[in-house]
Amino acid sequence: MDLRIFTEPQQGATYETLLTVAKATEDLGFDAFFRSDHYLKMGSVDGLPGPTDAWITLAGLARETKRIRLGTLMTAATFRLPGVLAIQVAQVDQMSGGRVELGLGAGWFEEEHTAYGIPFPKEKFGRLEEQLAIVTGLWATETGKTFDFHGKYYDLTSSPALPKPAQRKLPVLIGGHGATRTPRLAARYADEFNIPFASIEDTARQFGRVRAAAEEIGRKGDDLVYSNALVVCVGKDDAEVARRAAAIGREVDELKLNGLAGSPAEVVDKIGRYAEAGSSRIYLQILDLDDLDHLELISSQVRSQLS
């Protein structure tokens, strides 16, 4: 079971804070550092000092880290034109020596679009599908040849399809809870399917849909990596769990029901149940980015048991 650290910087974090967490992620033996791609805080937090851009952040981290994978859960298709996104991600992959993964989603948070003047189209899923076709098509085009795409939302003519990522096949993540269109899109374009904040039962059901969709187009279900994203709150004892839950404005019982919370033994047991549902990778949503002792505890007493 791979354990990856997943952060939500729109809730309030500087680049320096993210760099500190990313370096701790690497030093403590976790597999990867991922971040959300949002421009507006959610909930009652103040969000200070303001948002950081996901791909600018990852470009900096690419030069400041050496081992961990780097990526997004999920970049919003509404934020960037697909040709520009392909260039950005390929460049960051080069800067990292081939450690980048692209999570790409349709975009959903209308308020952040309104706040920063970003168009929020009605038909988002169709745009996402075309973006996936374009980004993966540009990367797959043989050097020296050109790429053309003529869709409903995007039109590319004689693109040189440059630059290329450092990786021969840069992993693409698709995720979500949709029962029909999402599995079909994952089957066609994804290297990994991620379901965020889902129960064990819903996880197994959605993984089954993705496997079935892959097999329908002649792809093996096991060709994809299957993963979860879950909030985490671990403590050496009940008091420490309660303190960490309070620090992120959550209740212990709710966290135990909807995430990975409790003692290291409790969290290891629940991760095992997600593994039985088909998950081989967990993105641990860390909401208190100043609590590096939390990361150390998870590494020494959870990750060590799952290695």
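What you see is a predicted model, and the numbers here were worked out from it, not measured in a lab.

Undergrad: Looking at this model, I keep getting lost on helix α5 (residues 125-140). Mind explaining?
TA: Given 3.6 residues to a turn, an α-helix orients residues that are three or four positions apart in the same direction. Taking 1.5 Å of rise per residue, 16 residues should cover 22 Å, and α5 covers 22 Å from first to last C-alpha, within 8% of that figure. For α5, the set of buried residues is F125, G126, L128, E130, Q131, L132, A133, I134, V135, G137, L138 and W139. Residues of α5 that are buried make contact with α3 (82-96), β5 (100-105), β6 (147-150), β7 (155-159), β8 (172-175) and α6 (181-189).

Undergrad: Quick question: what am I supposed to make of the packing of aromatic side chains here?
TA: Here the structure, examined in full by the defined rule, presents 6 aromatic pairs. With a centroid separation of 5.0 Å and an interplanar angle of 70°, the aromatic rings of F34 and Y283 are classed as edge-to-face. Linking F34 in strand β2 (residues 32-35) with Y283 in strand β12 (residues 281-286), this pair joins segments that are 249 residues apart in sequence. Comparing F34 with Y283, the two get one shared label, buried. Between F207 and Y226, the aromatic rings sit 5.1 Å apart at their centres with planes inclined by 55°, giving tilted as the arrangement. With F207 in helix α7 (residues 200-216) and Y226 in strand β10 (residues 225-234), the pair connects residues that are 19 residues apart, well separated along the chain. Each member of the pair, F207 as well as Y226, is classed as buried.

Undergrad: Where do I start with the environment of I248 in this structure?
TA: Inspection of the secondary structure assignment puts I248 in the loop between α8 (238-247) and α9 (252-258). Between the C-alpha atoms of I248 and D288, which are 40 residues apart in sequence, the distance is 6.4 Å. Contacts of I248, omitting those with residues within four sequence positions, involve V231, L255, L287 and D288.

Undergrad: How should the nonpolar core be read in this particular structure?
TA: As a rule of thumb, soluble globular proteins bury nonpolar side chains together. Ranked by internal contacts, the top residues of the largest apolar core, which has 76 residues, are W55, L102, W139, L260, L284 and V302. A total of 8 residues in this core trace back to one element, the largest contributor, which is α5. Residues in contact with V302, not counting those within four places in the same chain, are L3, V234, P264, V267, V268, I271 and L297. Counting residues in hydrophobic clusters, the runner-up holds 7 residues, among them A32, F34, A229 and Y283.

Undergrad: Help me understand the pattern of salt bridges, please; the structure alone is not making it clear to me.
TA: Two side chains that carry opposite charge are able to pair once their charged atoms sit near each other. With the rule as written, the count across this model stands at 21 salt bridges. R281 is the salt-bridge partner of E192, the closest N and O atoms lying 2.6 Å from each other. Here E192 is found in strand β9 (residues 192-196), whereas its partner R281 is found in strand β12, with 89 residues between them in sequence. Considered together, E192 and R281 belong to a single accessibility category, that of buried residues. Where R244 meets E240, a salt bridge forms, and the shortest distance between an N and an O atom there is 3.1 Å. With a gap of 4 residues between them, R244 and E240 both fall in helix α8, about one helical turn apart. The two residues R244 and E240 agree in class, both being buried. Salt bridges sharing partners connect three or more residues here, namely K236, E240, R243, R244 and D291.

Reading guide: rules and limits
Residues numbered from 1 in each chain as written. Predicted model: local features only at pLDDT ≥ 70, side-chain atom pairs only at ≥ 80, totals over all residues. Heavy atoms only, no water. Helix = DSSP H or I, 4+ residues; strand = E, 2+ residues; numbered from the N terminus. Expected span 1.5 Å × (residues − 1). Buried < 20%, exposed > 50% of the residue type's maximum accessible area, 1.4 Å probe, protein only. Contact = heavy atoms within 4.5 Å. Phe/Tyr/Trp six-rings, centres within 6.5 Å; stacked < 30°, edge-to-face > 60°. Core = buried A, V, L, I, M, F, W, Y, C linked by side-chain atoms within 4.5 Å. Salt bridge = Lys/Arg side-chain N within 4 Å of Asp/Glu carboxyl O.

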